[in-house]
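Understanding the architecture of this molecule
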Amino acid sequence: MSETFRHDLLAGKRAVVVGATSGIGEAIAQALAEVGANVVATGATASEVERLRSARSFDVERIELLDVRDGSAVEALFARFDVLDVLVNCAGVIRRDEEHDPRVFSDVVDVNLGGTMRCCAAARAKLAARGGCIVNTASVLAFFGGGRVPGYAASKGGVAQLTKSLAIAYAPEGVRVNAIAPGWVRTPLTAALQADPARDAAIVARTPIGRWADPADIAGAAVFLCAPAACFITGVVLPVDGGYSVS
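The paragraphs below set out a description of the structure included in this document. (Residues numbered from 1 in each chain as written. Predicted model: local features only at pLDDT ≥ 70, side-chain atom pairs only at ≥ 80, totals over all residues. Heavy atoms only, no water.)

**Here we look at the overall build of the chain**
Quick note on the threshold: Under the DSSP-based scheme used, a helix requires at least four consecutive residues in state H or I and a strand at least two consecutive residues in state E, with every element numbered from the N terminus. Each radius of gyration is computed over the set of C-alpha atoms, and the globule rule expresses the reference value as 2.2 Å times the number of residues to the power 0.38. Should any heavy atoms of two residues lie within 4.5 Å, those residues are considered in contact. Positive charges are assigned to Lys and Arg, negative charges to Asp and Glu, while His and the chain termini are left out of the count. For the purpose of locating charges, the reference atoms are NZ of Lys, CZ of Arg, CG of Asp and CD of Glu.
For the chain, the count of helices and strands is eight helices and seven strands. A compact globule built from 247 residues would reach a C-alpha radius of gyration of about 18 Å, and the chain, at 17 Å, matches this within 12%. Principal-axis analysis of the C-alpha atoms places the extent of the chain at approximately 50 × 40 × 40 Å. Taking contacts inside the chain between residues at least 6 apart in sequence as the whole, the part at least 24 apart equals 72%. Side chains of the chain give 24 positive and 26 negative charges; the mean places of these two sets differ by 3 Å.

Dropping the structure here:
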């Protein structure tokens, strides 16, 4: 991030990154810390939280356990903060092929979409008090169907529409709400696709930039949406996909 943003860009700002124990969320939490924010990261399981607590290269202020399906736990987490400037929602799950089962579908939507809404609602008042911002995580599958992942695709389409709706609702309170829509990123969620030579080749062939993204490629866009330079941007669902969605 030092090549793009000042190291003190968000100095003195409190940021919470939900779902920050791997992949895109971990990269965003680290990037926000690198530009001066005081970052609290959350993870869904004790093992994830402990792994990051022992990782010396992960420089956030602290790491909390949070199940975004638990509304009371979400409210309790945000109640502990005196101030809040930035909320980034990255908690997400995918269950390829299993999501045609309505129960699995419902669980995926509850984490990806319901969890995002719970965190936004719990953070709203404190963000409003500071003129803060929210960055949600959608996906290029917010624009396309996903035959193997109907729950994931539906939830990410929902995140896109939720982002636009909350941008309208929260704007009078001075809170900006945007989303990133990552393309194909090398994370644990896409490990199976990366390991499939045919699928890997098809993804790279369709991506004009000609490669998978690394999580850090997505983090820069999220930091920008949190920065003063984005002060007149709200309601945007920003593809960060190497051109995949236009090819």
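Structure's up, so let's keep going.
**Here's the deal with the packing of helix H4 (residues 102–130) against helix H5 (residues 150–170)**
The condition that has to hold: Every angle, taken between N-to-C directions, lies between 0 and 180 degrees, and every axis is a line fitted to C-alpha atoms, over only the stretch in contact when it is a helix. Each angle is binned into one of four classes, with values under 35 degrees roughly parallel, values over 145 roughly antiparallel, values of 65 to 115 roughly perpendicular, and all other values oblique. Should the near helix be turned anticlockwise from the far one by less than a right angle, the crossing is termed left-handed; should it be turned clockwise, right-handed. Classification used: nonpolar for Ala, Val, Leu, Ile, Met, Phe, Trp, Tyr, Cys and Pro, charged for Asp, Glu, Lys and Arg, polar for all others including Gly.
For the pair H4 and H5, interaxial distance at closest approach is 8 Å and the crossing angle is 20 degrees. Put simply, H4 runs roughly parallel to H5. In the packing of H4 onto H5, the handedness of the crossing is right-handed. Counted together, Phe105, Val108, Val109, Asn112, Leu113, Thr116, Met117, Cys120, Ala121 and Arg124 of H4 and Pro150, Gly151, Tyr152, Ala154, Ser155, Lys156, Gly158, Val159, Leu162, Leu166, Ala169 and Tyr170 of H5 form the full contact between these two elements. Counted by class, the contact of H4 with H5 contains 15 nonpolar, five polar and two charged residues.

**A short note on the nonpolar core**
Just so we agree on the cut-off: The set of buried Ala, Val, Leu, Ile, Met, Phe, Trp, Tyr and Cys residues whose side-chain atoms join them within 4.5 Å is what this entry labels a nonpolar core. Remark: exposure states derive from per-residue accessible area (1.4 Å probe, protein chains only) relative to the maximum for the residue type, with buried under 20%, exposed over 50%, and partly exposed in between.
Membership of the largest hydrophobic core comes to 39 residues, with the highest contact counts inside it found for Val17, Ile28, Leu32, Val39, Val88, Ile180 and Cys226. Among the elements of the structure, strand S1 (14–18), helix H1 (23–34), strand S2 (38–43), helix H2 (46–53), strand S4 (86–89), strand S5 (133–137) and helix H8 (215–226) are those that each provide at least two residues to this core. Sequence-distant contacts of Val88, defined by excluding residues within four places in its chain, comprise Val16, Val17, Val18, Ile28, Leu32, Val135 and Cys226. Residues Ala91, Ile134, Val149 and Leu166 belong to the second largest nonpolar core, which totals 32 residues.

**Some thoughts on the sheet that holds S4**
Put simply, the rule reads: By the convention used here, strands pair only if DSSP detects at least 2 bridges between them.
With respect to topology, seven strands assemble into an open sheet ordered S3-S2-S1-S4-S5-S6-S7, the strand pairing being parallel. The outermost strands of the open sheet, each flanked by one partner alone, are strand S3 (62–65) and strand S7 (237–240). Taken over all neighbouring pairs, the strand axes of this sheet differ in orientation by 20 degrees on average, direction set aside. Examined bridge by bridge, strand S6 (residues 176–182) and S7 share four bridges and lie parallel to one another. Among the inter-strand pairings, Ala179 is bridged to a residue of S7, identified as Val237. This element, H4, spans S1, S4 and S5 of the sheet and lies at about 175 degrees to S4.

**Focus: the environment of Val159**
Here Val159 shows up in helix H5. Residue classification places Val159 among the buried residues on the basis of a relative accessible area of 0%. Sequence separation of Val159 and Val88 is 71 residues, and the distance between their C-alpha atoms is 13 Å. If near-sequence neighbours (up to four positions away) are discounted, Val159 is found in contact with Asn112, Leu113, Thr116, Asn136, Thr137 and Ala138.

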